[in-house]
Amino acid sequence: NDYKLWRKINPLVFTTVVDENNQLIGFFDIFPLKPEAGEDIIAGRLTERSLKPDNLVAFVDITSVTHLHIATILLNPRQKAFAAMVAKEILLLKMGEFIEQYYAPTEARTYTAFAQSRAGELLLNRCGFSMAIVAKESEQHLPLYLLRPSETSRAMFRFHHAHEYFLRKSTLKSRDSRI
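Quick caveat: nothing in here was measured; it's all calculated off a predicted structure. (Residues numbered from 1 in each chain as written. Predicted model: local features only at pLDDT ≥ 70, side-chain atom pairs only at ≥ 80, totals over all residues. Heavy atoms only, no water.)

1. Structural notes on the packing of aromatic side chains
Argument step 1. Counting across every chain of the model gives six aromatic pairs.
Argument step 2. Ring geometry for F28 and F98: centres 5.2 Å apart, planes at 65 degrees, overall edge-to-face. With F28 in strand 2 (residues 24-33) and F98 in helix 3 (residues 84-103), this residue pair connects regions lying 70 residues apart in the sequence.
Argument step 3. We classify F28 as buried; its relative accessible area is 0%.
Argument step 4. With a centroid separation of 5.0 Å and an interplanar angle of 50 degrees, the aromatic rings of F98 and Y102 are classed as tilted. Separated by four residues within a single helix, F98 and Y102 lie in helix 3, roughly one turn from each other.
Argument step 5. Accessibility expressed as a relative area gives 0% for F98, which makes it buried.
Argument step 6. Y102 gets classed as partly exposed once you look at its relative accessible area, which sits at 21%.
Argument step 7. An aromatic cluster of at least three residues, connected via ring pairs, comprises Y3, W6, F14 and F31. (Phe/Tyr/Trp six-rings, centres within 6.5 Å; stacked < 30°, edge-to-face > 60°. Helix = DSSP H or I, 4+ residues; strand = E, 2+ residues; numbered from the N terminus. Buried < 20%, exposed > 50% of the residue type's maximum accessible area, 1.4 Å probe, protein only.)

This is the structure:
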């Protein structure tokens, strides 16, 4: 199983967010990439689908990460603890907390993400990402968005937009053995 190998290298790559009853709210996948892999994604020479475990920065070296690739942000459509809009805000808030906890200073990183939906594209735009590769020029047939270190503060502010209430109602689970 590829996921097990990825998690062995860096257990932070697949992260779940659950409510106070341990019910899944959603999850996100953030890949800490070696500099050459990060630049290859930006240049279009590497896609999310062609990433290999050796492109990841090992957990013991996470302070050296220069490139973070946001592979997935997915809300559990079956969760019932929160209204969909609230659950989405919680998921984004927890993702921001996660990035700040493990990859601070956030302003020292370059972020990439493929927009896999219109909602994803809107979120990336709202967070200050700019399109680096249009969908028709991407091997993955999805637009690639980029956030350089100098633009990071605005994106991190977006993740803190949710109310303090959400902090008490959900928990970050970084190691989910079911994956």
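2. So, the pairing of strand 6 (residues 144-147)
Argument step 1. Because side chains alternate across strand 6, one face comprises the buried residues L144 and L146, and the other comprises Y145 and L147, equally buried.
Argument step 2. Sheet topology places strand 4 (residues 110-114) next to strand 6; four bridges connect them, and they run antiparallel. Paired with Y111 across the two strands is L147, which belongs to strand 6. (Pairing = 2+ DSSP bridges.)

3. Thoughts on the nonpolar core
Considering soluble globular proteins, one finds that nonpolar side chains tend to be buried as a cluster.
Argument step 1. The biggest cluster of nonpolar side chains holds 28 residues, and the ones touching the most others in it are F28, I30, L68, F98, I99, Y103 and F129.
Argument step 2. Among the elements of the structure, strand 2, strand 3 (67-75), helix 3, strand 4, helix 4 (118-126) and strand 6 are those that each provide at least two residues to this core.
Argument step 3. It is helix 3 that contributes the most residues to this core, eight residues altogether.
Argument step 4. Aside from chain neighbours lying at most four places away, what touches F129 is I70, Y111, T112, L124, Y145, L146 and L147. (Core = buried A, V, L, I, M, F, W, Y, C linked by side-chain atoms within 4.5 Å. Contact = heavy atoms within 4.5 Å.)

4. Observations regarding unusual backbone geometry
Argument step 1. Looking along the chain, the bond that leaves A104 and enters P105 is cis, with omega of 0 degrees.
Argument step 2. Among the structural elements, P105 can be located in the loop between helix 3 and strand 4.
Argument step 3. Of note in this structure, N22 is not a glycine but carries a positive phi near 65 degrees.
Argument step 4. Inspection of the secondary structure assignment puts N22 in the loop between strand 1 (14-19) and strand 2.
Argument step 5. The phi angle at H141 is positive, at roughly 60 degrees, despite the residue not being glycine.

5. Things to note about the side chain of T112
Argument step 1. Tracing the sequence through the fold places T112 in strand 4.
Argument step 2. For T112, a relative accessible area of 2% gives the class buried.
Argument step 3. Only 2.7 Å separates the side chain of T112 from the side chain of H69, close enough to count as a polar contact.
Argument step 4. The contact partners of T112, leaving out residues within four places of it in the chain, are I41, I42, L68, H69, I70, F129, L144, Y145 and L146. (Polar contact = N/O pair within 3.5 Å; in protein donor to acceptor, adjacent residues only side chain to side chain.)

6. Some details on the pattern of salt bridges
Argument step 1. In this structure the tally under the stated criterion is four salt bridges.
Argument step 2. Note that E121 is salt-bridged to R118, the shortest N-O span being 3.8 Å. Here R118 and E121 lie together in helix 4, a separation of three residues that amounts to about one turn.
Argument step 3. What makes R118 exposed here is its relative accessible area of 53%. (Salt bridge = Lys/Arg side-chain N within 4 Å of Asp/Glu carboxyl O.)

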